[in-house]
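Report on the structure
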Amino acid sequence: MTPAAAPTDDTPDARLRALGLELPAVPDQPPGYAPRPIVPVVVHGTLAFFSGVAPLELTGTVGADMTVDEGYAAARTVGLMTLRRIVDAFGTLDAVERFIKVTGYVRSAPGFSSQPEVVNGFSDLIIEVYGEDRGRCARTAIGSSELPRNIPIEVESVVALRDTRAGG
Amino acid sequence: MTPAAAPTDDTPDARLRALGLELPAVPDQPPGYAPRPIVPVVVHGTLAFFSGVAPLELTGTVGADMTVDEGYAAARTVGLMTLRRIVDAFGTLDAVERFIKVTGYVRSAPGFSSQPEVVNGFSDLIIEVYGEDRGRCARTAIGSSELPRNIPIEVESVVALRDTRAGG
Amino acid sequence: MTPAAAPTDDTPDARLRALGLELPAVPDQPPGYAPRPIVPVVVHGTLAFFSGVAPLELTGTVGADMTVDEGYAAARTVGLMTLRRIVDAFGTLDAVERFIKVTGYVRSAPGFSSQPEVVNGFSDLIIEVYGEDRGRCARTAIGSSELPRNIPIEVESVVALRDTRAGG
């Protein structure tokens, strides 16, 4: 006899565990910073708009004192922080039906033009955890001369939440 | 005898008056500029997307010829201009249920990294007028090497409108 | 006898033909580039969010080795590419009810401040094809020190799709 409703557990949360990834803590109020008049995420209907997420311990400029690979790693860290923000806000990664739009700002040295390869660190992680159908999304990657706290990258996301209003 | 339905008047409009704040005029077509093929705001359902708002009389670069405090003041001016845009479009500040997402672009000198402190001038004003629950929102603050007309800051907003379709 | 339901053909598709405009091919995967973990557009309800569109053959910095007119022409090319993206995604330009929000990033030389005049190349084209009511939208135009592949401009769009769920 097979179970009537065996849990498949093919969820982003399960995939995160299978990948052995740990989500870093992301305090709303980082130590040493003044209180900021913002919130991590705002929900409107089934859309969720996230504040820009930044790797607060890292500083640098990609193409100057950071390589593309180091920028990619920083973007992956921002991806893990964004996943933490999702869990903190909604309890489970599975609350996000899919990523809709990502904007990546890369602090760039003069002439540096590989912003997409840097932001891929974020996008690749999201796809590892959510799969192609839910993780691949619209994106804009641009260079920025300066970013807050001299961070090398900042990424903001708009995601679709599962519609739980219909019951079922 | 007390009124059956005394108006509480705890609206953003009333708070604006109580704060003694005046909203500047914000012409769609500033004097001396060519007509622009854009509109101040577009509504879709209960979402309203605003064009970037800029302090057209001001020029400067924060961290070079403007201090953080001067940038904060410029951001506050942009906040007042955004409130005027709301009144012009919807008749009352109370038409906005809450701010959802703000993006602040700060024209930044090389090495300047306090963009959040500058954009706080916008966010703090919105919270003064709308209160914490309606005014605190998701935000991204980034640096920009150049902005139109050499303005020091430009802020765009996405807001939720009250749903008036349900009657009541 | 007049036709009972003569097609007016006052559609964006017909206007595009009347203007004699050709839409360029826009490969998801440009030749010579590594596969990117993104998609051109994501639909959520009647909103469609596009990835940033860039003129992949062009490089330059407006205000340095490109004039405003050349930047305007590049922005118009990005507009044509965006129209192609719409046709590729939805079969017809008429699937888009209206443009909601456009963000234009212009790679800018130090001191260059005419980003709006550059992005007008995009906006003017959209209005030629969609008309004022559907083409004029909210917009933010900003300068960027560096963009991917040294392109001079990148434009992202949020549009409203016709609601076809209601039948009719």
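Everything numeric here is computed off the predicted structure, so don't read it as measured data.

1. Notes on the relation of the copies chain B and chain A
Superposing chain B onto chain A takes a rotation of 120 degrees plus a shift of 0.0 Å along the axis, which leaves an RMSD of 0.0 Å. Accordingly, the operation relating the two chain copies is best matched by a three-fold axis. Comparing interface residues between copies, only 12% of those in chain B also lie at the interface in chain A; the contact surfaces differ.

2. Some remarks on the packing of aromatic side chains
Residues and elements named next belong to chain B. All chains considered together, the criterion is met by six aromatic pairs over all chains. Here the aromatic rings of phenylalanine 99 and phenylalanine 122 are separated by 6.5 Å at their centres, their planes lie at 70 degrees, and the arrangement is edge-to-face. Within this pair, whereas phenylalanine 99 is found in strand β3 (residues 96–107), its partner phenylalanine 122 is found in helix α3 (residues 115–135), the two being separated by 23 residues in sequence. Accessibility assignment for this pair places phenylalanine 99 and phenylalanine 122 in one class, buried.

3. Description of the sheet that holds strand β4 (residues 138–144) of chain C
All names here are of chain C. Read across the sheet, five strands follow the order β1-β2-β5-β3-β4 without closing on themselves; strand pairing throughout is mixed. Looking at the sheet topology across the chains shown, the edges are occupied by β1 (41–44) and β4. Ignoring which end each strand starts from, the neighbouring axes of this sheet average 15 degrees apart. In terms of strand pairing, strand β3 (residues 96–107) meets β4 through seven bridges, oriented parallel. Within β4, the residue paired with glycine 104 across the bridge is alanine 141. The strands touched by helix α2 (residues 68–90) are β1, β2 (47–50), β3 and β5 (153–161); relative to β5, the strand with the most contacts, the crossing angle is about 40 degrees. Here helix α3 (residues 115–135) sits on the sheet and contacts β3, β4 and β5; the angle it forms with β3, its principal contact strand, is near 175 degrees.

4. Section: the interface of chain C and chain B
The parts lose accessible area when they come together, and the size of an interface is often stated as this lost area. Listed per partner, the contact involves 33 residues of chain C and 21 residues of chain B. The contact between chain C and chain B buries some 2,100 Å² in all, and 56% of this surface belongs to carbon and sulfur atoms. One salt bridge connects glutamate 156 of chain B with lysine 101 of chain C, and the closest N-O pair in it is separated by 2.7 Å. In this structure, the connection of chain C to chain B is made through 14 residue pairs in polar contact (both at pLDDT 80 or more). If you list the elements that add at least two residues to the side of chain C that touches chain B, you get β3, α3 and β4 of chain C. Of the residues in the side of chain C that touches chain B, the class split is 14 nonpolar, 13 polar and six charged.

5. Concerning the pairing of strand β4 (residues 138–144) of chain B
All names here are of chain B. Taking burial as the measure, the seven residues of β4 include seven buried ones, the bulk of the element. Burial of the side chains of β4 extends over both faces: Ala138, Thr140, Ile142 and Ser144 are buried on one face and Arg139, Ala141 and Gly143 on the other. On the question of chirality, the crossover connecting β3 to the parallel β4 by way of α3 is right-handed.

6. Here we look at the nonpolar core
Counting residues in hydrophobic clusters, the biggest one holds 132 residues, and the most contacted among them are Leu83 and Phe99 of chain A, Leu83 and Phe99 of chain B together with Leu83 and Phe99 of chain C. Counting 15 residues, the second largest nonpolar core, distinct from the first, contains Ile142 of chain A, Tyr105 and Leu147 of chain B together with Tyr105 of chain C.

7. Overview of the relation of the copies chain C and chain B
After a rotation of 120 degrees and a shift along the axis of 0.0 Å, chain C superposes on chain B with an RMSD of 0.0 Å. The overlap is low: 12% of the interface residues of chain C also sit at the interface in chain B, so different surfaces are used on the two sides.

Parameters and conventions
Residues numbered from 1 in each chain as written. Chains lettered and ligands numbered in written order. Predicted model: local features only at pLDDT ≥ 70, side-chain atom pairs only at ≥ 80, totals over all residues. Heavy atoms only, no water. Least-squares fit on C-alpha atoms with pLDDT ≥ 70 in both. Contact = heavy atoms within 4.5 Å. Phe/Tyr/Trp six-rings, centres within 6.5 Å; stacked < 30°, edge-to-face > 60°. Helix = DSSP H or I, 4+ residues; strand = E, 2+ residues; numbered from the N terminus. Buried < 20%, exposed > 50% of the residue type's maximum accessible area, 1.4 Å probe, protein only. Pairing = 2+ DSSP bridges. Axes fitted to C-alpha atoms, helices over the stretch in contact; angles between N-to-C directions. Buried area = accessible area lost by both parts, 1.4 Å probe. Salt bridge = Lys/Arg side-chain N within 4 Å of Asp/Glu carboxyl O. Polar contact = N/O pair within 3.5 Å; in protein donor to acceptor, adjacent residues only side chain to side chain. Nonpolar A, V, L, I, M, F, W, Y, C, P; charged D, E, K, R; others polar. Right-handed = clockwise from strand over helix to strand, strands pointing away. Core = buried A, V, L, I, M, F, W, Y, C linked by side-chain atoms within 4.5 Å.

These results come straight from atomic positions and should not be treated as a statement about function.
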